[in-house]
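Overview (structure and organization)
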Amino acid sequence: MTTTPTAPPEHSVRAALSSPTMLRTEVLAGLVVALALIPEAISFSIIAGVDPRVGLFASFTMAVAISFLGGRPAMISAATGAIALVIAPVMRDYGYDYLIATVLLGGLIQVALALAGVARLMRFIPRSVMVGFVNALAILIFEAQLDHLLDVPWAVYPMTAVGIAVIVGFPRVSAVVPAPLVAIVALTAFTVVGAVDVPNVGDEGQLPDSLPSWFLPDVPLSMDTLRIIAPYALAMALVGILESLLTAKIVDDITDTPSDKSREALGQGAANLVTGFFGGMGGCAMIGQTMINVKVSGARTRISTFLAGVFLLVLVVGFGDVVALIPMAALVAVMIMVSVATFDWHSIQPATLRRMPRSETTVMLSTVLVTVLTHNLAIGVVVGVLVAMTLFARRVAHLTDTHRELVEDGHGATAVYRVTGELFFASSNDLYTQFHYAEDPDRVVIDLSDSHIWDASTVAALDAITTKYERRGTTVEITGLNEASAERHGRLTGELPSH
């Protein structure tokens, strides 16, 4: 019987509310995440082709909804670049109402996938793909900062360096306040007091001055509408669930606590439905902001996720003029350190590469390469899994062996072939060539005591071997089948066409 994972008592909301130290950590972590979310949400709105308020409100509703509905405490969900890329064509070709309809349908698909148990598929993602996912994400986070470091005033560079130095050095002085928050406040004060002219959050886009309101898309309820939005909604649902579950697994490893992946998948769908009905562009888990929350700021509960959304709304609506003054150099420094902390440096150390099987390294590198080239984490993970499956099948296929022995008894000579290893499409295709058809006596025994038949390809191969011997007048007997292999062979033998 399976049990639903629960957070340990020391990581519960009740524990945080009863501990001033822990509550302070959660509150300040939520504030830092909110500040980092603002320029990102604006950037993703531009990618999707919508007004900045659409991305900002999506980040607010996603964060608040998932703090109640999600299965991974302290994980941050908001508007993301991956979702923006998927739904951008809808906005470009059909307009805002169709985009919101796509978000709502995507949320419904995620709910359906969660109820169907899609979270259980996570166990088929190898560790090497996970490492590649993390490393690619770190590279993409760093790459996204380059736009804010090119063709900018010279003052941006020393300010960014100072921000990094504060983030690295301040924890050695005090752990009471998160270092990223200190860097943001200090650099903002410097630019205001010194009247330093550098790019700031206000330059990224217009901040909203009102609260989000209920929104219903004005689209016809017809099959034509469904044909338009369904492909994009399905892609959005798959990308969102994949990124969210992978991020949840990373947080599980960092915090040494389990999470309810099925609840997280269901929560993502419900949060996207809430977001769509408030006119947001949809979203999923954000690995960068999650790393700020969990790894940099030390948050562990749903409080930080909830407050990230609340602070975001308060900051952009109530204190938009102040937030607009935050220099992008401060946020760039935060995100650079997030990318450094996210990257798995151990995975590329020479000693690790020497010990690691080449197939594992190939899988990791292919995941990184495809993700970085496509800027799509879901495509990178799918390619990584396919490469891992191919290399695994190739490796296992080489573990199959056939040994021939001539046995003399009272009835004459018998050729006994003992087959060892797992028999499936990759290994059984070569099985046909392992027999000495012209040299063998009138009786042949194929002993599969140390083998297992996994698929129809193996049954077809055995049928081909038997047929070729029978044409020569040779009797073939297959022995040693275990129960599952015997059932599969008995059901399929003679029923498969020869090719």
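Structural notes, computed from the coordinates. Bear in mind that the values here come from a model prediction, so they are computed numbers and not experimental data. (Residues numbered from 1 in each chain as written. Predicted model: local features only at pLDDT ≥ 70, side-chain atom pairs only at ≥ 80, totals over all residues. Heavy atoms only, no water.)

**A short note on the nonpolar core**
- Membership of the largest hydrophobic core comes to 107 residues, with the highest contact counts inside it found for Ile-38, Ile-125 and Met-281.
- The element contributing the most residues to this core is helix α2 (residues 20-48), with 12 residues.
- Ranked by size, the runner-up nonpolar core spans 17 residues in total, among them Leu-423, Val-459, Tyr-469 and Leu-492. (Core = buried A, V, L, I, M, F, W, Y, C linked by side-chain atoms within 4.5 Å. Buried < 20%, exposed > 50% of the residue type's maximum accessible area, 1.4 Å probe, protein only. Helix = DSSP H or I, 4+ residues; strand = E, 2+ residues; numbered from the N terminus.)

**Digging into the sheet that holds strand β3 (residues 401-409)**
- With respect to topology, four strands assemble into an open sheet ordered β3-β4-β5-β6, the strand pairing being mixed. Edge positions in the sheet fall to β3 and β6 (475-479), since each of these pairs with one other strand and no more. Across the sheet, the mean angle separating the axes of adjacent strands is 20° when strand polarity is ignored.
- Bridging between strand β5 (residues 443-453) and β6 involves five bridges; their strand directions are parallel. Note on β6: the bridge partner recorded for Val-445 is Glu-477.
- Sheet strands in contact with helix α19 (residues 456-471) are β4 (412-423), β5 and β6, and its direction is about 175° off that of β5.
- In this fold helix α20 (residues 483-492) packs onto β5 and β6, with an angle of close to 120° to the strand it touches most, β5. (Pairing = 2+ DSSP bridges. Axes fitted to C-alpha atoms, helices over the stretch in contact; angles between N-to-C directions. Contact = heavy atoms within 4.5 Å.)

**Thoughts on helix α3 (residues 52-69)**
- Compared with the 26 Å implied by 1.5 Å per residue over 18 residues, the 26 Å span of α3 between its first and last C-alpha is a close match.
- A large share of α3 lies buried, amounting to 15 of its 18 residues.
- The opening residue of α3 is Asp-51, an N-cap whose side-chain oxygen sits 3.0 Å from the backbone nitrogen of Arg-53. (Expected span 1.5 Å × (residues − 1). Polar contact = N/O pair within 3.5 Å; in protein donor to acceptor, adjacent residues only side chain to side chain.)

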